[in-house]
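# Architecture at a glance
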Amino acid sequence: MSGNMNLTLKVWKQKNKNEKGRFETIEAKGISPDMSFLEMFDVVNEKLINDGKEPIAFDHDCREGICGMCSMYINGRPHGPKQGVTTCQLHMRSFKDGDTIVVEPWRSAAFPVIKDLAVDRSSFDRIMAAGGFISVNTGNVKDANNILIPKDDADTAFAAAACIGCGACVAACKNSSAMLFVSAKVSQLALLPQGQVEKQDRVLNMVKQMDEEGFGNCTNTGACEAECPKEISLENIARMNREYMSASFTQNK
Amino acid sequence: MASSPKLNSRIPEGTLENKWTKYRSTVPLVNPANKRSLEVLVVGSGLAGASAAATLAEMGYKVKVFCFQDSPRRAHSIAAQGGVNAAKNYQNDGDSIYRLFYDTIKGGDYRAREANVHRLAEVSGNIIDQCVGQGVPFAREYGGTLSNRSFGGTQVQRTFYAAGQTGQQLLLGAYSALQRQVGMGAVTLLARHEMLDVVTIDGKARGIIARDLISGKLERHFGHAVLLCTGGYGNVFFLSTNAMGSNVTAAWKAHKKGAFFGNPCYTQIHPTCIPVSGDHQSKLTLMSESLRNDGRIWVPKKKDDNRKPTDIPEDERDYYLERRYPAFGNLVPRDVASRAAKERCDAGYGVGSSKLAVYLDFAANTERYGKTEATKKNIQNPTKEEIMRLGKEVVKEKYGNLFDMYAQITGENPYETPMRIYPAVHYTMGGLWVDYNLMTTVPGMYALGEANFSDHGANRLGASALMQGLADGYFVIPYTIGAYLSEEIRTKAIPTDHPAFVEAEKNVQDQINKFLSIKGSKSVDYFHKRLGKIMWDKCGMARNKEGLTWAIAEIQKLRKEFWSDVRVPGDANEFNPELEKAGRVADFIELGELMCIDALNRNESCGGHFREEYQTEEGEALRDDENYAYVAAWEYKGESQFELHKEELKYENIKIAQRSYK
């Protein structure tokens, strides 16, 4: 087909978390510019299987930019060159015929490689379990419109809640910090009246768990915000720091 | 018609309005001490699974949650866009529980159970309360109250939403409730685990076999009850709006162990999806139904009109939904809108390079919003450009993420030119048959959310899937499971070296070994795509006897080929996505055959099931209430053999009529 591209992929191959990985060079031929980056991988894998070779393992699911499962580090950038999109929404029209594309997994001590490009992000679940919630049992609530929330607060909380938990912020950060992820949840709940009761415990417990998982600290570089596919704002980290300071100074426990 | 003796729907006595309230107050309870020793396995962590698991754990049961994704937060409920219905009547537009009930039954083309649907409408308001309590950031008005919008098949505004990411926000709410229980040790979370069989002992569900997808190890898990919250099976068509991993395996294994499958042929084809662009395509992307609040659907009046849509003047456009259905216009239910789009395209009026698309146009409403904004801002005599700029800001706030997604995928700017859309497989109304307690025909095994067949009849209304998933998980199963578990308090945990566990694990292992030993010449996807094409062509938007008969024979051939020529690389004891896919496609092939059998059996058209032989002169679905007002529940009897059982549908509170949206 005309307009199709031939590309060279340098892909990270690693059998499991204990074995050493290496780059492998794979040709991707006849790639349509309308394909998504993952559909290009489908084509490559189909060929590898037909040639009797092992396909490249990678994480993906919804392929519409919302589940947060896909996670490739493309040419040195999480989710590739385009602003505000996940790998599954990155289209091959962002590349040129003849390009060489380097694809790696997220790299962080807190995200061990499972195989090839798939990593273990269960540390995020444990941070959420440490405090990323409002303690309200089913049925233990009042009528929804009894809680009035200023529209601006609701909108800001929503913007923070748009985080998809993909881990691009960690992969982008030179310190492997998870502060953007954690602060998005802390902010969402700190901005809402429902979240006030537990706000001190929440931020202290989530940050404690974040440190225990081996994530680094924030040095305000802003790479996370620049690479976040949902464009979560750095202001959330500032808000979390304020919440954390105030909780540390005033908590009577 | 009488219902089959094998199907006891256990609908409580009493008037429709009082059934649930009365039943809920009389269903047996389990005391807190006994709850601590009762184990519940929840398979799937979407809206139904996460909400059920969190709530059961809050009540004191021991819960294990399984999901194949790397985190429960990634279940495909996350991708639901438009909203969640609830009969709150916050807009003072005449909404009520009865209206939501009525709209849902009518929307389902009179093929759903009255008692279940009424219960759904009754608890709908509680869902919104619960979600707000959890901190779900719904859209709000300036006064701080919740905002609503309209969805198809209704004339009130009862849909609550969070931009175009309502499913994400509701799921994250349920996920946070779930993680809270995980943190408290009340729930054991097993992510990257896939259920591959259910274990039955003396006819009751007693556990599952799951594969750890990282190590490849098979595991045996005992439970006093098993909840399948595993979603729908739209991926049988290969191309659908479902996530790549969405599958029928858990439900299908349950079916083969005795759970009847209800109405498998009822498939929802969603009218507003981004059209297929080429052979490489791996999935289809939905553009939320909420867009039909402000988008007008049209095709050119002239065949093969190749002008740019913005160059086609108003009087040369056919707004066919507004023309055919003036009362509901662009907000007719999905099945009606999809068929109308197909009709126009088949007649040669389609647009775009494939001619399999229609326009969804926001210009008129952008202008309307722009004028309102100009008035608000006191701008006298605004120019057209000014109006459109102001209008675009409003449209952006309402649907920004959807417009971005569209631009990303198609490379076109929907603020400037109409979207091109076409119907695509989206949801399956069919699923495991369940009684009023949500229990399947296997005692102790339940099906919740999209995985069951129960509430949407032959067509689901928009924003009702989120409602049903959360209703089942938060407000139904926590009560109804007591009816079964109160009888199980004396059952001690069964050791997993019991012969039934050993045998089930061996069968799973044998199947895995078989996949790896075939070493054929075609990839799993190759077979999946072929199955999808058969299903879309013959069991998709329009079906007929001849096509279905052909499809059944073709699928049987495909199955033989699959089992002799599939190539699954790698080995069993590692992370092996191809092996996972092989198991899922093997089950899809068997399900596809049953869907065609069911579609062939149902000699009528209703909702999403459109048999070309049965239509009115105007091309509307022609039901046969005398002979087909029943749920078709299929019992597995061996390879390609299924026995039909009928559950009669009785309408005592609604006058059954031909569905009209004119």
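The structure presented is a predicted model; accordingly, all values stated were derived computationally and were not measured.

## A short note on the overall build of chain A
When helices and strands are counted, chain A shows eight helices and seven strands. Dimensions of chain A, computed from the C-alpha atoms along their principal axes, are close to 65 × 40 × 35 Å. Expressed as a percentage of the 253 residues in chain A, the buried residues total 53%. Considering only residue pairs separated by 6 or more positions, chain A has 71% of its internal contacts joining residues 24 or more positions apart.

## Some details on the sheet that holds strand β2 (residues 22-31) of chain A
Residues and elements named next belong to chain A. Pairing in this open sheet of five strands is mixed, and the strands run β2-β1-β5-β3-β4 from one edge to the other. Single-partner strands in this sheet number two, and they are β2 and β4 (77-78). Examined bridge by bridge, strand β1 (residues 5-13) and strand β5 (residues 100-104) share four bridges and lie parallel to one another. Looking across to β5, one finds that Val11 is bridged to Val103. Here helix α1 (residues 37-50) sits on the sheet and contacts β1 and β2; the angle it forms with β2, its principal contact strand, is near 100°.

## Comments concerning helix α1 (residues 16-26) of chain B
Side chains three or four residues apart in an α-helix point the same way, a direct result of the helix having 3.6 residues per turn. Residue and element names in this part refer to chain B. Where α1 is concerned, the buried positions are Lys19, Trp20 and Tyr23. Angular distribution of buried residues about the axis of α1 spans 80°; they occupy a single face of the element. In α1, the exposed residues that point more than 90 degrees away from the buried face are Asn18, Ser25 and Thr26. Where the residues of α1 are buried, they touch α5 (114-134).

## With respect to the confidence of the model for chain B
Per-residue confidence for chain B gives a mean pLDDT of 96; residues scoring 70 or more make up 100%. ipTM for the predicted complex: 0.98, alongside a pTM of 0.97.

## Some details on the nonpolar core
With 290 residues, the main nonpolar core has B:Val43, B:Ala53, B:Leu227, B:Leu228, B:Leu432 and B:Tyr446 as its most contacted residues. Each residue touching B:Leu228, except ones within four places of it in the same chain, is listed here: B:Val43, B:Gly44, B:Ala250, B:Ala251, B:Ala254, B:Leu432, B:Met445, B:Tyr446, B:Ala447 and B:Ala451.

## A short note on helix α8 (residues 235-250) of chain A
All names here are of chain A. Along its 16 residues, α8 runs 22 Å from first to last C-alpha, staying within 8% of the 22 Å computed at 1.5 Å per residue. Of all the positions in α8, only Asn236, Ile237, Arg239, Met240 and Glu243 are classed as buried. Buried positions in α8, seen along its axis, are confined to an arc of 155° and lie on one side of it. Pointing more than 90 degrees away from the buried face of α8 are the exposed residues Arg242, Met245, Ser248 and Phe249.

## Some remarks on the pairing of strand β8 (residues 218-222) of chain B
Residues and elements named next belong to chain B. Pairing of strand β7 (residues 204-212) with β8 involves five bridges; the strand directions are antiparallel. The residue bridging Ile208 from the neighbouring strand is His221, located in β8. Counting the residues between successive antiparallel strands, the hairpin from β7 to β8 contains five residues, one of them, Gly216, with a positive phi of roughly 80°.

## Some details on the sheet that holds strand β11 (residues 267-273) of chain B
Residues and elements named next belong to chain B. Spatially, β11-β15-β14-β12-β13 is the arrangement adopted by the five strands of the open sheet, whose pairing is antiparallel. Strands at the two margins of the open sheet, each flanked by one partner only, are β11 and β13 (317-318). Bridge analysis of strand β14 (residues 358-361) against strand β15 (residues 419-428) gives three bridges, and the strand direction is antiparallel. Across the sheet, the residue bridging to Tyr359 is Arg420, located in β15. Across the face of the sheet, helix α9 (residues 334-346) comes into contact with β11, β12 (296-300), β14 and β15 while running at roughly 65° to β11.

Calculation rules
- Residues numbered from 1 in each chain as written.
- Chains lettered and ligands numbered in written order.
- Predicted model: local features only at pLDDT ≥ 70, side-chain atom pairs only at ≥ 80, totals over all residues.
- Helix = DSSP H or I, 4+ residues; strand = E, 2+ residues; numbered from the N terminus.
- Buried ≥ 20, exposed ≤ 12 C-beta atoms within 10 Å, placed from the backbone.
- Contact = placed C-beta atoms within 7 Å.
- Pairing = 2+ DSSP bridges.
- Axes fitted to C-alpha atoms, helices over the stretch in contact; angles between N-to-C directions.
- Arc of directions from axis to C-beta.
- pLDDT = per-residue confidence, 0-100.
- Core = buried A, V, L, I, M, F, W, Y, C linked by C-beta atoms within 7 Å.
- Expected span 1.5 Å × (residues − 1).

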